[in-house]
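Listed below are the residues making up each chain.
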2 protein chains.
Amino acid sequence: MIDIAKDFRVSLPAWIDDELADVPAVLPDREDRMRLVHRLADRNWRAGDGGPFAALVAERESGRIVSVGVNVVLSRGISAAHAEIVALGLAQRATGGWDLGGEGLAAHELVVNWRPCVQCYGATLWSGVRGLVVAGQGPELEEITTFDEGPLVADWAEQCAARGIEVVLDVLRDEALTVFRNYREAVDENDDMEVYNARGGTG
Amino acid sequence: MIDIAKDFRVSLPAWIDDELADVPAVLPDREDRMRLVHRLADRNWRAGDGGPFAALVAERESGRIVSVGVNVVLSRGISAAHAEIVALGLAQRATGGWDLGGEGLAAHELVVNWRPCVQCYGATLWSGVRGLVVAGQGPELEEITTFDEGPLVADWAEQCAARGIEVVLDVLRDEALTVFRNYREAVDENDDMEVYNARGGTG
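Structure report, in brief. In this convention, every chain numbers its residues from 1, walking through the sequence in written order. As a convention, the first chain written is A and the first ligand written is 1, with the rest following in written order. Confidence filtering applies because this is a predicted model: local features only for residues at pLDDT of at least 70, side-chain atom pairs given and counted only at 80 or more, and all residues used for totals across whole chains, interfaces and linings.

Side note on the interface of chain B and chain A
Accessible area lost upon the coming together of the parts serves often as the stated size of an interface. Inclusion rule: Contact between two residues is assigned when their C-beta atoms, built from the backbone, lie within 7 Å. Numbering of helices and strands starts at the N terminus; helices are DSSP runs of H or I of at least 4 residues and strands are runs of E of at least 2. In this classification, Asp, Glu, Lys and Arg are treated as charged, Ala, Val, Leu, Ile, Met, Phe, Trp, Tyr, Cys and Pro as nonpolar, and every other residue, Gly included, as polar. Only strands that DSSP links by at least two bridges are regarded as paired with each other.
Across the contact, 56 residues belong to chain B and 56 residues belong to chain A. Elements represented by at least two residues in the side of chain B that touches chain A include exactly β1 (7-11), β3 (65-70), α3 (73-76), α4 (83-95) and α5 (118-127) of chain B. Tallying contributions element by element places α5(B) first for the side of chain B that touches chain A, with eight residues. Residue composition of the side of chain B that touches chain A, by class: 31 nonpolar, 18 polar and seven charged. Bridging between strand β1 (residues 7-11) of chain A and β1(B) involves five bridges; their strand directions are antiparallel. In the sheet register, A:Arg9 faces β1(B), and the bridge partner there is B:Arg9.

Points about the sheet that holds β3(B)
Residues and elements named next belong to chain B. The cut-off we apply is this: Fitted lines through C-alpha atoms serve as axes, helices being fitted only where they are in contact, and the angles separating the N-to-C directions of these axes extend from 0 to 180 degrees.
Pairing within the open sheet is mixed, and its five strands lie in the order β3-β2-β4-β5-β6. Of all strands in the sheet, those with a lone pairing partner are β3 and β6 (166-168), marking the two edges. With strand direction ignored, the average angle separating the axes of adjacent strands in the sheet is 15°. Here strand β2 (residues 54-59) pairs with β3 via five bridges, running antiparallel. Paired with Ala58 across the strands is Ile65, a residue of β3.

Some remarks on the relation of the copies chain B and chain A
Filter applied, for reference: Superposing the copies works by least squares over the C-alpha atoms of residues that have pLDDT at least 70 in both of them.
The two copies are related by a screw motion: chain B maps onto chain A through a turn of 180° and a shift of 0.0 Å along the axis, at an RMSD of 0.0 Å. Both copies of the chain, as the preceding transformation shows, are related through a two-fold rotation axis. A high fraction, 100%, of the interface residues of chain B reappear at the interface in chain A, so the copies pair face to face through one surface.

As for the sheet that holds strand β5 (residues 131-134) of chain A
Residues and elements named next belong to chain A. Taken in spatial order, the five strands make up an open sheet running β3-β2-β4-β5-β6, and their pairing is mixed. Either end of the sheet is taken by a strand with one partner, and the two such strands are β3 (65-70) and β6 (166-168). Across the sheet, the axes of successive neighbouring strands diverge by a mean angle of 15°, strand direction being ignored. Looking at chain direction, strand β4 (residues 108-112) and β5 are connected through four bridges and run parallel. The residue of β5 that forms the bridge with Glu109 is Gly131. Running at roughly 150° to β3, helix α4 (residues 83-95) makes contact with β2 (54-59), β3 and β4 of the sheet.

Remarks on the nonpolar core
Which entries qualify depends on this criterion: Only buried residues count toward a nonpolar core: Ala, Val, Leu, Ile, Met, Phe, Trp, Tyr and Cys, linked into one set through C-beta atoms within 7 Å. Counting other C-beta atoms within 10 Å of a residue's own tells you its class, since 20 or more makes it buried, 12 or fewer makes it exposed, and anything in between is partly exposed; those C-beta atoms are placed from the backbone.
By size, the foremost hydrophobic cluster in this structure holds 128 residues, and its most contacted members are A:Ala87 and B:Ala87. For A:Ala87, the contacting residues outside a window of four places in its chain are A:Ala55, A:Leu56, A:Val57, A:Ser67, A:Val68, A:Gly69 and A:Leu110.

Observations concerning the pairing of β3(B)
Of all the six residues making up β3(B), six are buried; the element is thus mostly covered by neighbouring parts of the structure. Once β2(B) ends, the chain turns through five residues before running back antiparallel as β3(B), passing B:Gly63 with a positive phi of about 85°.

Some remarks on the environment of B:Val66
Residue and element names in this part refer to chain B. Note on placement: Val66 falls in strand β3. Along the backbone, Val66 and His108 are 42 residues apart, and their C-alpha atoms lie at a distance of 8.7 Å. Those residues within four positions of Val66 in sequence are excluded, and the remaining contacts are Val57, Ala58, Glu59, Ala91, Ala94, Thr95 and His108.

Below you can see the structure in the form of structure tokens.
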């Protein structure tokens, strides 16, 4: 019989407790949700867990925080463990099933600090969220960080809408770019910092 | 402080041990690799773990099986837990890191019973595999199963090639369609069978 691994675990970094210590359970203002995402994204690359990316799932109307996620590709050794995959998986664990749009649940939104890469775009479509809130889209992310985001269809937002997912753009966009620029500066200044996109990248 | 889940686990179904009991550690013939994938895909939907999808990661030249994956969206309650995500994550656990194309490793290929959905297409790009072997592509999967595979760029295979991933098409294609047709027949005949793509689907 083949001797293979049977499971893997995806988990948040231990430092997440520090960052969440002063965060209220409910963030009614959408900019406050994005502000938290930016803070986690900035802490994440400094801690060495992965790229400068974070996400959260919130109940859209109330602003109750259901989960948070950061990119833990480096620390967990799983290339799929982008911030969105982590946040969505943890939200599904919290709500008890694979469909965040399931009967009896509040409408959920995914808040991310840039337009998702092609993998996480797909993950968003299949998650059951009713909203995707991003700090920005456009070439700046790839230009600044050198991460490859993969090929996405031009009408990606319309394709979301067709599946019942409302897209909200440009929430604290400049603040997102600041996180990316600080990350890039650190990479340029530090030869030991692992940039993990040698073969096309992960974002 | 927010009370949130900190981790989730992705695991193979318990029945996988039965299916692998007679499988050699090395499958030098590519069709044999796909035959195993088809068998796992067929067992998977019958067991109720998720859709009729399976995958494996093998060392391309030797055919050593590094991991297998099936779609465990239903049984694990994680919408991202498609066969490819499971197989790639387990392969990364087995090889010790996020990059299956890393230094010192043999070239790996991902073998799947249809062209990946948009999420798993991205996951493939970021995984470090050097090859993607699929039983087929085309509208038949969505037509037969009613799963939504999401929007993919037209030049998806060229985009793989540009990132050092060789695409091999049409390995035991008819056998893939047989699995999908058997699944669909069972869905049509059984009102209790959960088809989990009410809001756009997962594949």
